Amino acid sequence: MAISTGGAEDAPMSDINTTPLVDVMLVLLIIFLITVPAIVQSVKLKLPDVKYDPTVTKPENVSLSITREPGGACAVYWGLTRVTHEELLKRATDKLEEIVKKAGGAANLTTEDLPEAHIRGDVETPYRCIGGAIYTMQSAGFAKVGFISEPPPTGGPSS
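Here the structure is a predicted model, which is why all the values come from computation and not from measurement. (Residues numbered from 1 in each chain as written. Predicted model: local features only at pLDDT ≥ 70, side-chain atom pairs only at ≥ 80, totals over all residues. Heavy atoms only, no water.)

Caption draft 1: Focus on the overall build of the protein chain. Along its length, the protein chain carries three helices and five strands. Counted from the first residue to the last, the protein chain has its helices and strands arranged as α-β-β-β-α-β-α-β. Pairs at least 24 apart in sequence give 61% of the contacts found in the protein chain among residues at least 6 apart. Here the protein chain has roughly 12500 Å² of accessible surface; of this, 60% comes from carbon and sulfur atoms. (Helix = DSSP H or I, 4+ residues; strand = E, 2+ residues; numbered from the N terminus. Contact = heavy atoms within 4.5 Å. Areas by Shrake-Rupley, 256 points an atom, 1.4 Å probe, with all protein chains shown as cover.)

Caption draft 2: Quick look at the sheet that holds strand 5 (residues 145–147). Within the open sheet, the five strands sit side by side as 3-2-1-4-5. Their pairing is mixed. A single partner strand is all that each edge strand has here, and the edge strands are strand 3 (81–83) and strand 5. Neighbour to neighbour, the strand axes of the sheet diverge by 30 degrees on average, direction disregarded. (Pairing = 2+ DSSP bridges. Axes fitted to C-alpha atoms, helices over the stretch in contact; angles between N-to-C directions.)

Caption draft 3: Inspection of the nonpolar core at higher detail. Counting residues in each nonpolar core, the largest one holds 18 residues, and the members touching the most others are Leu64, Ile66, Trp78, Leu88, Ile119, Met137 and Phe142. Elements represented by at least two residues in this core include exactly strand 1 (62–68), strand 2 (74–78), helix 2 (85–103), strand 4 (117–121) and helix 3 (127–140). Not counting residues up to four positions away in its chain, the partners in contact with Leu88 are Leu64, Val76, Trp78, Val83, Ala133, Thr136 and Met137. (Core = buried A, V, L, I, M, F, W, Y, C linked by side-chain atoms within 4.5 Å. Buried < 20%, exposed > 50% of the residue type's maximum accessible area, 1.4 Å probe, protein only.)

Caption draft 4: Structural view of a nonpolar patch on the surface. On the surface, Leu21, Val24, Met25, Val27, Leu28, Ile31, Phe32 and Val36 cluster together into a nonpolar patch covering about 730 Å² of accessible area. Secondary-structure assignment places Val24 in helix 1 (residues 19–39). (Patch = residues over 30% accessible without salt bridge, like charges linked within 9 Å, V, L, I, M, F, W, Y side chains within 5 Å. Salt bridge = Lys/Arg side-chain N within 4 Å of Asp/Glu carboxyl O.)

Caption draft 5: Region of interest: helix 3. Across its 14 residues, helix 3 extends 20 Å between first and last C-alpha, which sits within 8% of the 20 Å expected from 1.5 Å per residue. In this structure, the buried residues of helix 3 make contact with strand 1, strand 2, helix 2, strand 4 and strand 5. Gly141 sits one or two positions beyond helix 3 and adopts a positive phi of about 120 degrees. (Expected span 1.5 Å × (residues − 1).)

Caption draft 6: Region of interest: the packing of helix 2 against helix 3. Remark: helix 2 packs on helix 3, axes separated minimally by 8 Å, with the N-to-C direction vectors making an angle of 35 degrees. The handedness of the crossing between helix 2 and helix 3 comes out as right-handed. The segment helix 2 lies against helix 3, with His85, Leu88, Leu89, Ala92, Thr93 and Leu96 engaging Ala133, Thr136, Met137, Ser139 and Ala140. Looking at side-chain class alone, the contact of helix 2 with helix 3 contains seven nonpolar, four polar and no charged residues. (Left-handed = near helix turned anticlockwise from the far one by under 90°. Nonpolar A, V, L, I, M, F, W, Y, C, P; charged D, E, K, R; others polar.)

Interpretation in functional terms is not warranted from these geometric data alone.
Have a look at this one:
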């Protein structure tokens, strides 16, 4: 509320009535406090905190290395041998069939007995290359596909 006391009647009033502005700001604040929690929705997740998780390597596990060639093509290596998509699928299927045959049938196997596919992907490798290898290994029947990474240097920041 502005009250002018004294002074000439013809002089312009230099006070601003801020009451309507404060009223509008308080109403907007209340509206935002009520609507923002309703609008912002998120799925509650507990993300894994993995640090230096040792890899248990079984002799039957498959080690894949994936890089990008200079032309942008994907290069997949089974051990140290470069393979195409078709060769990767054939080798993976043959590997699983051999293990099932040695066990005397699929009924004699558990998920712990089956081999895993361990993928080491270069940092510069596009996701389509790594995703293609994952899809191929899963199509062949590999239930467990994991990634091999390099831990941060000792004494450095860990994530």
